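Report on the structure
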Amino acid sequence: MTSTLLDQPTAAKDLKESTPQTEPRPAERRRPRLAVLDGLRLVAALAVLSWHWMGVQGWPAIWHGMSGAKMPLGASIGAYGWLGVQLFFLISGFVICMSCWGRSLGDFVTSRVTRLFPAFWVAVLVTTAVLWFAPQRWGVDSQRPTLVRMLTNLTMMPNPVGTTNIDQSYWTLWIEICFYVLFGVVAAFGLTYRRVLVFCGVWAFASIMAISSGFPLLNSLVQPDFSWYFIAGIAFFLMHRFGPNLLLFGMVGFCWLMSLNRIERLVHDNSAGAGHQLSWKITALVITASFALVGATALGAFNRVQWRWLTVAGSLTYPLYLVHQEIGFEMITRVSRYLPGYATVAVCLAVMLGAAWLLHRFVERPFAPMLKRGLARSFAQVRSNGQVAARS
């Protein structure tokens, strides 16, 4: 959800310097941009939006808790929209590995901070303002957000310290951060084919141990409900860069099987929100389709698809995800007084896409480079043991 395709794969020269001679080598050719992944990210964001806007039943502040009666088809489709998160994580494993290959740990941290935080900080402030002034509020907190809650949310880590998210869709960001921490350990030693494979194997084993042991710290770190998507995404990237083999297919197959096992609990939990029992078979079919689409993209099935609008779609995905829930609820409450259900969704979606574009154009694009330069200087000082600051 939160990954980017703006980072291009490293050049072949960089790969030669960082990859031992005994490891597989990618073909010496320019690989096309995987534009389809940008489109899939937007599909994932829209799926999650459909879950919150139409699939969840019983939220009295929107549709009077009766979205199923107002939009039966939308509610039926939206009831499975939460699976967009799983697609997000699959793509994230692929893209993070691609974007930091051949780069230092400092470069990896810089790319993640500059990608995630500028739009997030603004989204937290705007959402807080909306919830403060809105006459109707919903979510886990029935009161106006406090200053402490807002400030804690700016860290992107409110849940681990016992504070609720300003926007409940932000829970996925903590899952992403856990992935970054784990993958950052490998990035610190330099990414190679073998190291990444070992990392995937160790993470998979640790996830099994977390499930069987129930150890809270291990469970929080390796996230066994979602780790399989990241691991499979990494394996798909290795297929894309170095070519497929039986080991990588086996790793993806194992992750697919484990993901089907773990969604049984998620199906049960989300059935309560949907207001009816969700089908495990439909859920498994959507998960399988997600694996198949990302895998086909990795293997070059969609290389000829280079529509420019897909790049725009990719740039809007993260900002849309940040602003769609609480702010979207406030919009739906007001617009639905004058328009029927589907028209309300269409109007609110258009406004949300416009807001996402504004966040991308006037927050991400100008401030991310500034933050990147500052962090680059900071890591340069770290590498020189503080000597950069001493000479300045």
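Structure's up top.
Heads up: these notes are all about the structure in this document.

Calculation rules
- Residues numbered from 1 in each chain as written.
- Predicted model: local features only at pLDDT ≥ 70, side-chain atom pairs only at ≥ 80, totals over all residues.
- Heavy atoms only, no water.
- Core = buried A, V, L, I, M, F, W, Y, C linked by side-chain atoms within 4.5 Å.
- Buried < 20%, exposed > 50% of the residue type's maximum accessible area, 1.4 Å probe, protein only.
- Contact = heavy atoms within 4.5 Å.
- 1 Å grid on protein atoms, 1.4 Å probe; cavity = no way out; pocket = protein on both sides within 12 Å on 5 of 7 lines; lining within 4 Å.
- Points joined across faces, edges and corners; volume = space filled by probe spheres on them.
- Helix = DSSP H or I, 4+ residues; strand = E, 2+ residues; numbered from the N terminus.
- Nonpolar A, V, L, I, M, F, W, Y, C, P; charged D, E, K, R; others polar.
- Salt bridge = Lys/Arg side-chain N within 4 Å of Asp/Glu carboxyl O.
- Phe/Tyr/Trp six-rings, centres within 6.5 Å; stacked < 30°, edge-to-face > 60°.
- Lys NZ or Arg CZ within 6 Å of the ring centre and 35° of its normal.
- Axes fitted to C-alpha atoms, helices over the stretch in contact; angles between N-to-C directions.
- Left-handed = near helix turned anticlockwise from the far one by under 90°.
- Expected span 1.5 Å × (residues − 1).
- Polar contact = N/O pair within 3.5 Å; in protein donor to acceptor, adjacent residues only side chain to side chain.
- Parallel < 35°, antiparallel > 145°, perpendicular 65-115°, else oblique.

Looking now at the nonpolar core. Grouped together as the largest cluster of nonpolar side chains are 115 residues, with contacts concentrated most on Phe 183 and Phe 236. Not counting chain neighbours up to four residues away, the residues in contact with Phe 236 comprise Leu 90, Phe 94, Val 252, Phe 291, Val 294, Gly 295 and Ala 298.

Under the counting rule described, the total for this entry stands at 4 cavities of 30 Å³ or more. Of the voids in this model, the second largest cavity is the one considered here, and its volume is about 50 Å³. Phe 120, Met 156, Met 157, Pro 158, Asn 159, Pro 160, Asn 165, Tyr 170, Trp 171, Leu 173 and Trp 174 are the residues that line the second largest cavity. By residue number, the principal contributor to the lining of the second largest cavity is helix H8 (residues 171-189), which donates 3 residues. Residue classes in the lining of the second largest cavity are distributed as 9 nonpolar, 2 polar and no charged.

Next up on the list: the pattern of salt bridges. Summed over all chains, the structure comprises 6 salt bridges. Among the ionic contacts, a cluster of salt bridges with common partners joins Asp 225, Arg 262, Arg 265 and Asp 269.

Following the criterion strictly, the structure yields 24 aromatic pairs and no others. Here the aromatic rings of Phe 199 and Trp 203 are separated by 5.5 Å at their centres, their planes lie at 45°, and the arrangement is tilted. In this pair, Phe 199 and Trp 203 are both assigned in helix H9 (residues 193-213), 4 residues apart and thus about one turn of the helix distant. Between the aromatic rings of Trp 357 and Phe 362, the centroid separation amounts to 6.0 Å while the plane-to-plane angle is 85°, which identifies the pairing as edge-to-face. Of the aromatic side chains, those joined through ring pairs into one cluster are Phe 89, Phe 108, Trp 171, Phe 179, Tyr 180, Phe 183, Phe 199, Trp 203, Phe 226 and Phe 230. Above the face of the Phe 362 ring, Arg 361 is positioned so that its terminal group lies 5.2 Å from the ring centre.

Within the secondary structure, Leu 310 sits in helix H14 (residues 308-323). Each C-alpha atom of the pair Leu 310 and Leu 42 lies 8.7 Å from the other, and the pair is 268 residues apart in sequence. Excluding residues within four positions of it along the chain, Leu 310 makes contact with Ala 35, Val 36, Asp 38, Gly 39 and Val 305.

We now examine the packing of helix H2 (residues 35-55) against H14. A pair of packed helices is characterised by two quantities: the angle between their axes and the separation of those axes. In the contact formed by H2 and H14, the axes pass within 8 Å of each other and the chain directions differ by 35°. Relative to H14, H2 is oriented so that their crossing is left-handed. Facing Ala 35, Val 36, Asp 38, Gly 39, Arg 41, Leu 42, Ala 45, Leu 46, Val 48 and Leu 49 of H2, the residues of H14 in contact are Leu 310, Thr 311, Ala 313, Gly 314, Thr 317, Tyr 318, Leu 320 and Tyr 321. Partitioned by chemical class, the residues of the contact of H2 with H14 number 12 nonpolar, 4 polar and 2 charged.

The end-to-end C-alpha distance of helix H13 (residues 280-298) is 27 Å, a good match for the 27 Å that 19 residues give at a rise of 1.5 Å each. Where H13 is buried, its residues touch H2, helix H5 (84-100), helix H11 (227-242) and helix H12 (246-274). A distance of 3.2 Å separates the backbone nitrogen of Lys 281 from a side-chain oxygen at the start of H13, and that oxygen is part of Ser 279. Where H13 ends, the next residue or the one after it, Gly 300, has phi of about 90°, a positive value.

Right, let's talk about the side chain of Ser 111 for a bit. Along the chain, Ser 111 turns up in helix H6 (residues 105-133). Within the local environment of Ser 111, its side chain forms a polar contact with the side chain of Arg 112, the two groups lying 3.4 Å apart.

Tracing the backbone through its elements, the reader meets Val 43 in helix H2. Looking at Val 43, the relative accessible area reads 47%, which means it is partly exposed. Residues Val 43 and Gly 81, 38 residues apart in the sequence, show an inter-C-alpha distance of 9.9 Å.

Attention now goes to unusual backbone geometry. The backbone of Met 156 shows a phi angle near 70°, a positive value even though the residue is not glycine. Residue position: Met 156 is located in the loop between helix H7 (147-153) and H8. You can call Met 156 buried: its relative accessible area is 3%. Notably, Gln 223 is not glycine yet its phi reads approximately 50°, a positive angle. Along the chain, Gln 223 falls in the loop between helix H10 (216-222) and H11.

Relative to each other, H9 and H12 sit at 25°, their axes nearing to 12 Å. It follows from the interaxial angle that H9 and H12 lie roughly parallel. Seen from above, H9 lies across H12 with left-handed handedness. Between H9 and H12, the residues in contact are Tyr 193, Leu 197, Cys 200, Ala 204, Ile 208 and Ile 211 and Leu 247, Leu 248, Met 251, Phe 254, Met 258 and Arg 262, respectively.

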